[in-house]
Amino acid sequence: MDNYLKLSVKSDCINEHLSRQVIATFMTSLDPTLEEICDVKTAVSEAVTNAIVHGYENLTGTVNLTAEINGKELYIEVEDYGRGIADVERAREPLYTSQPEKERSGMGFTVMEAFMDYVDVISRPGLGTKVIMKKLIGVAHEM
Amino acid sequence: MTKILINNNLVVKLIGEIDHSNSNKYRHEIDDEIKRRPVRNLIFDFKDLDFMDSSGIGMILGRYKTIKGLDGVVMIASPKKQVEKIINVSGLHKIIPVYESVDKAINSMREVAYNG
Ligand SMILES: Nc1ncnc2c1ncn2[C@@H]1O[C@H](COP(=O)(O)OP(=O)(O)OP(=O)(O)O)[C@@H](O)[C@H]1O
Ligand SMILES: [Mg+2]
């Protein structure tokens, strides 16, 4: 492992911006393009926001952001100890949301999948959710 | 956020970032404006918007429903590359037309009015 990062934040919406800034700074050693930085910031924003608005709903808890650099690969984990997801497959479907009254569009997972190379969701109802994402950085513009 | 009314077109300029921490605030500000003034169409000016995630998509779709109820049209003007990417990935561009500039968006309305 070339580098790693572990950040624990309170499930407060002000930490969405913070998480985006931290991951953007962390990945600079991979010499990313602006587009790659934006892609990763967006994916992290989606996962951290989900932990806050769905995992903990109106409760307070901790959101863990873990990141690793292995060669050209950026590995990211976003973890909460909240409500969990009973049906992950349905949750990942485009347009599925459990909060339509809050004007959620149900596109968070779709966005993560489009912006990252790999997205996995591990969840246990009542225990929490972990979103694992990977992306190769600086590969497309070398070819 | 700045708001200007040009005829019955409300032009809303969003600056900086849209995420879950501020999307509700924007939603209420825009809805108030729609209630208080003779708004028919809504144009989002994204020239100075640097970041948006799916919370922004939800906020735009919500306004789309309101404006549709008024027989109006919602448009997006001058998004930056990242913002345009999420507009496309989310499928938003299929129901909300994207223009290079606010002027072009407003002109497209004139053409619709003229032809229709
Ligand atoms: N960390 C989490 N804990 C519990 N449930 C979650 C979590 N993340 C996602 N979900 C569930 O998966 C659904 C889909 O998530 P997704 O991010 O795709 O859409 P959304 O958050 O509802 O809407 P949007 O992201 O467009 O605002 C959510 O509505 C919620 O029910
Ligand atoms: Mg979401």
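Residues numbered from 1 in each chain as written. Chains lettered and ligands numbered in written order. Predicted model: local features only at pLDDT ≥ 70, side-chain atom pairs only at ≥ 80, totals over all residues. Heavy atoms only, no water.

To continue, consider the sheet that holds strand 1 (residues 3–10) of chain A. All names here are of chain A. Strands sit in the order 1-2-3-5-4 across an open sheet of five strands; the sheet is antiparallel. With partners counted over all chains shown, the strands left at the sheet margins are strand 1 and strand 4 (118–124), one partner each. When the angles between neighbouring strand axes are averaged without regard to direction, this sheet yields 10 degrees. Where strand 2 (residues 62–70) meets strand 3 (residues 73–80), eight bridges bridge the pair, whose relative direction is antiparallel. For Ala 67, the partnering residue across the bridge sits in strand 3 and is Ile 76. In the packing of helix 1 (residues 14–26) onto the sheet, contacts are made with strand 1, strand 2 and strand 3, and the angle to strand 1 comes to roughly 175 degrees. (Pairing = 2+ DSSP bridges. Helix = DSSP H or I, 4+ residues; strand = E, 2+ residues; numbered from the N terminus. Axes fitted to C-alpha atoms, helices over the stretch in contact; angles between N-to-C directions. Contact = heavy atoms within 4.5 Å.)

Moving on, we get to the pairing of strand 1 (residues 2–6) of chain B. If a strand is regular, its side chains alternate between the two faces of the sheet. Residue and element names in this part refer to chain B. Direction of pairing for strand 1 relative to strand 2 (residues 9–13): antiparallel, over a ladder of five bridges. Bridge assignment links Lys 3 to a residue of strand 2, and that residue is Val 12. Adjacent in sequence and paired antiparallel, strand 1 and strand 2 are bridged by two residues, among which Asn 7 carries a positive phi angle near 55 degrees.

Now for helix 2 (residues 54–69) of chain B. Residue and element names in this part refer to chain B. Its 16 residues place the ends of helix 2 23 Å apart at the C-alpha level, agreeing with the 22 Å of an ideal helix rising 1.5 Å per residue. Every buried residue of helix 2 is accounted for by Ser 54, Ser 55, Gly 56, Ile 57, Gly 58, Met 59, Ile 60, Gly 62, Arg 63, Tyr 64 and Ile 67. Looking at where helix 2 begins, the residue whose side-chain oxygen comes 3.0 Å from the main-chain nitrogen of Ser 55 is Asp 53. Positive phi appears at Asp 71, one or two residues downstream of helix 2, with a value of about 65 degrees. (Expected span 1.5 Å × (residues − 1). Buried < 20%, exposed > 50% of the residue type's maximum accessible area, 1.4 Å probe, protein only. Polar contact = N/O pair within 3.5 Å; in protein donor to acceptor, adjacent residues only side chain to side chain.)

What follows deals with unusual backbone geometry. In most cases, non-glycine residues show a negative phi, while peptide bonds are predominantly trans. Residue and element names in this part refer to chain B. A positive phi is found at Asp 71, a non-glycine position, where the angle reads about 65 degrees. Following the sequence through the fold, Asp 71 ends up in the loop between helix 2 and strand 6 (74–77). A relative accessible area of 61% means that Asp 71 is categorised as exposed.

Turning next to the site of ligand 1. Surveying the vicinity of ligand 1 reveals 21 residues, the closest of which are His 54, Thr 97, Ser 98, Arg 104 and Ser 105 of chain A. With respect to ligand 1, its neighbouring residues span chains A and B. Interatomic distance of 2.7 Å between a side-chain N/O atom of Ser 54 of chain B and an oxygen atom of ligand 1. About the coverage of ligand 1: the protein hides 97% of its 600 Å² of free accessible area. (Near = heavy atom within 4 Å. Areas by Shrake-Rupley, 256 points an atom, 1.4 Å probe, with all protein chains shown as cover.)

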